[in-house]
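Examination of the molecular architecture
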Amino acid sequence: MPKFYDTLIWEYISRPWDRGLWLDKLSQVYFDYKMISYDEITDKSNINFKDVDLAKASVYSGEDVYITSKLYKKQKKEFSSELSILNNIEFPLIEVIKEIEIAWVKVEPDRLKWIWILLENEIKVLERDIYHEADEEFNISSPKQVWEILFWKMALPKWKKTKSGFSVSADVLWELASEFPIAQMIVDYRRYSKLLSTYVNWLIDLVNDSKDLLIHTSYNQTVTTTWRLSSTNPNLQNIPVWDWISWEIRTAFISRFEKWKIMAFDYSQIEVRLLAIMSWDKNLIESFKSWLDIHHRTAEFIFWQNTISSSQRKIAKAVNFWVIYWISSFWLSKMLWITVKDAKTYIDKFYENYPDVKKYMDI
């Protein structure tokens, strides 16, 4: 038996469809009792909690303990099959996560600096090429100036009208990119700029603030809708995997021990295997029984060819996994940096060749 218990984890595994399982919300739902909020006690965070009047802080903290105790007693009466999940999976995982968080994550600063220089150069080259295509300089980060150049000066096809002009959102530029090089250049410019500002600069600042090059993060068991762990403060799981430069960023994360390496292990297509079992789709089941590469097999369906490139397999892999979560063609296009039209075609081809999955998802 575990040495501890967690009421939030029990709520998470017994009510996976609910979000926002905070104590104050559960208190109102189960006990019709409104708890004192953190905003009330700290004047909407204008007061640091350590400066809150001791009597008020005591009542606030005591209320947390009291409601948690009531919640535990309620859950004890309702224990069922979830208890084995708690004791055998979730609670032991707490111990593992504790050790990981204590160990922290090490980052190689010289690698980050090299990636920073690489991205800076890529952005400058794209900037130069965009100006050449437009035959003038303008603010590439300004949507207004971009649509003026693309739709007024260069007379590119207009897709979506907005209150202030015409949309130059990612999906619009992707639709234009196959015919007009400048649209693809602006897409790449935006992507590299985001990688630089959102990830590389951010990681460099974190490392600079750390004397031992270690970054601390918190792993959460009760946040995602897919039952995976999530990472916050900072979110290290948010490092992208879009392209080669994204993988370069990931190489900056290294082992804390000399001559050791970080290894990644994963179940082999576990979600798609579960989908095959739950939908009883013949094509999916037969592919797994025949020990076929399911992502390669789906790519054959999507692209209608026997010779599949690595990039085509990568697209098929994304389709295989994300249709499980009812992803839209728009969001798939953003993830894969393809057009919305192509994303819709890939999803339609998936359902066409796995018809029982479509029936299962429509239930």
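Higher on the page you've got the structure.
The numbers attached to residues start from 1 for each chain and follow its sequence in the written order. The predicted origin of the model limits local features to residues at a pLDDT of at least 70 and limits the giving and counting of side-chain atom pairs to 80 or more, whereas totals for whole chains, interfaces and linings rest on all residues. Hydrogens and water molecules were not included; the side-chain quantities draw on all heavy atoms of the structure.

Per the convention used, a helix needs a DSSP run of H or I reaching at least four residues, while a strand needs a run of E reaching at least two, with both numbered from the N terminus. A count of helices and strands for the chain gives 17 helices and five strands. Projected onto the principal axes, the alpha-carbon positions of the chain cover approximately 70 × 55 × 55 Å. Residues count as neighbours in contact if any of their non-hydrogen atoms are within 4.5 Å of one another. Long-range contacts, defined here as pairs at least 24 residues apart, represent 58% of the contacts in the chain between residues at least 6 apart. Per-residue and other accessible areas follow the Shrake-Rupley method at a 1.4 Å probe size, with only the shown protein chains counted as cover for residues. Summing over all exposed atoms, the chain offers an accessible surface of approximately 22400 Å²; the carbon and sulfur share of this is 57%. For the charge count, each Lys or Arg is scored as positive and each Asp or Glu as negative, with His and the chain ends excluded. Charge positions come from single atoms, namely NZ of Lys, CZ of Arg, CG of Asp or CD of Glu. The centroid of the 47 positive side-chain charges in the chain is displaced by 3 Å from the centroid of its 50 negative side-chain charges.

For two strands to count as paired, DSSP must find a minimum of two bridges between them. Strand order across the open sheet formed by three strands is β2-β1-β5, with antiparallel pairing between neighbours. With partners counted over all chains shown, the strands left at the sheet margins are β2 (214-215) and β5 (253-254), one partner each. The pairing of strand β1 (residues 105-107) with β5 spans two bridges and is classified as antiparallel. By the bridge assignment, V107 is partnered in β5 with F253.

By definition here, a helix of n residues has an expected span of 1.5 Å times n minus one. In this model helix α5 (residues 82-103) runs 30 Å from its N-terminal to its C-terminal C-alpha over 22 residues, within 8% of the 32 Å that 1.5 Å per residue would give. At E90, α5 is bent by approximately 25 degrees, the largest bend along its length, and proline P92 sits one to four residues beyond. Within the span of α5, buried status applies to E82, L86, E90, F91 and I97. In this fold, the buried residues of α5 make contact with α1 (7-14) and β3 (218-220). Once α5 ends, the next one or two residues include W104, with phi positive near 65 degrees. Here the bend at a residue is taken as the angle between two axes, fitted respectively to the seven residues that end there and the seven that start there. Accessibility here uses a 1.4 Å probe with only protein chains present; expressed as a share of the type maximum, an area under 20% marks a residue as buried, one over 50% as exposed, and anything in between as partly exposed.

All right, on to a nonpolar patch on the surface then. For patch building, the residue pool is restricted to those with more than 30% relative accessible area and no salt bridge; the joining distance is 9 Å between like charges and 5 Å between nonpolar side chains (Val, Leu, Ile, Met, Phe, Trp, Tyr). Every case where a carboxyl oxygen of Asp or Glu lies within 4 Å of a side-chain nitrogen of Lys or Arg is listed as a salt bridge. A surface patch of nonpolar side chains, about 530 Å² in accessible area, is lined by Y267, I270, L274, I277 and M278. The residue I270 is located in helix α11 (residues 270-279) in this model.

Turning our attention to the packing of aromatic side chains. Pairing of aromatic rings covers Phe, Tyr and Trp, the last through its six-membered ring, and needs centres within 6.5 Å; plane angles under 30 degrees mean stacked, over 60 mean edge-to-face, and all others mean tilted. If you walk through the whole model with that rule in mind, you get 15 aromatic pairs. Both rings, one in Y30 and one in F31, keep their centres 6.2 Å apart while their planes meet at 65 degrees; by these two values the pair is edge-to-face. Between F301 and Y354 the ring centres are 5.5 Å apart and the planes differ by 80 degrees, which places this aromatic pair in the edge-to-face class. Note that F301 is positioned in helix α13 (residues 294-303) and Y354 in the loop between α16 (340-353) and α17 (355-361), a separation of 53 residues in sequence. Residue F301 is classed as buried on the basis of its relative accessible area of 15%. Using a relative accessible area of 0% as the deciding quantity, one classes Y354 as buried. Here a set of aromatic residues connected by ring pairs shows up, and it is made of F4, Y5, Y72 and F91. The criterion for a charge sitting over a ring is simple: Lys NZ or Arg CZ within 6 Å of the ring centre, and within 35 degrees of the ring normal. For K70, the ring lying beneath its charged end belongs to F31, and the centroid distance is 4.8 Å.

A few words on the environment of I215. With respect to the helices and strands, I215 occurs in strand β2. The buried category is assigned to I215, whose relative accessible area is 3%. With 128 residues separating them in the primary sequence, I215 and N87 have C-alpha atoms 30 Å apart.

The next subject is the packing of α1 against α5. Describing two packed helices takes the angle between their axes plus the distance from one axis to the other. Following both chains from N to C, one finds α1 and α5 inclined at 125 degrees, their axes separated by 11 Å at the closest point. The angle between the axes of α1 and α5 places the two elements in the oblique class. The crossing of α1 and α5 is right-handed. Between α1 and α5, the contacting residues are I9, W10, I13 and S14 on the first element and E82, I85, L86, E90 and I94 on the second. Axis definition: a line fitted to C-alpha atoms, limited for helices to the stretch in contact. Angles are taken between N-to-C directions and run from 0 to 180 degrees. Note on angle classes: values under 35 degrees are labelled roughly parallel, values over 145 roughly antiparallel, values of 65 to 115 roughly perpendicular, and the remainder oblique. Throughout, a crossing is termed right-handed when the near helix is turned clockwise from the far one, and left-handed when it is turned anticlockwise from it by less than a right angle.

Before going further, it helps to examine the pattern of salt bridges. If you walk through the whole model with that rule in mind, you get 16 salt bridges. Close ionic contact of K144 with E148 constitutes a salt bridge, the shortest N to O distance being 2.5 Å. Linking K144 with E148, this pair stays in helix α7 (residues 143-153), spanning four residues, or about one helical turn. In this structure, R297 and E300 form a salt bridge, with 3.0 Å as the shortest nitrogen-oxygen distance. In this pair, R297 and E300 both sit in helix α13, three residues apart, roughly one turn of the helix. Through salt bridges with shared partners, a single network forms among E95, K98 and E99.

This brings us to unusual backbone geometry. Along the chain, N233 connects to P234 via a cis peptide bond; the corresponding omega equals 0 degrees. Positionally, P234 belongs in the loop between β4 (230-232) and α10 (244-250). With phi around 70 degrees, S45 is a residue other than glycine that occupies positive phi space. Among the structural elements, S45 can be located in the loop between α3 (38-42) and α4 (54-78). For D135, which is not glycine, the phi torsion reads 65 degrees and is therefore positive. Summarising the element assignment, D135 is placed in the loop between α6 (109-134) and α7. Its relative accessible area of 64% is what places D135 among the exposed residues.

Nothing here speaks to function; it is geometry throughout.
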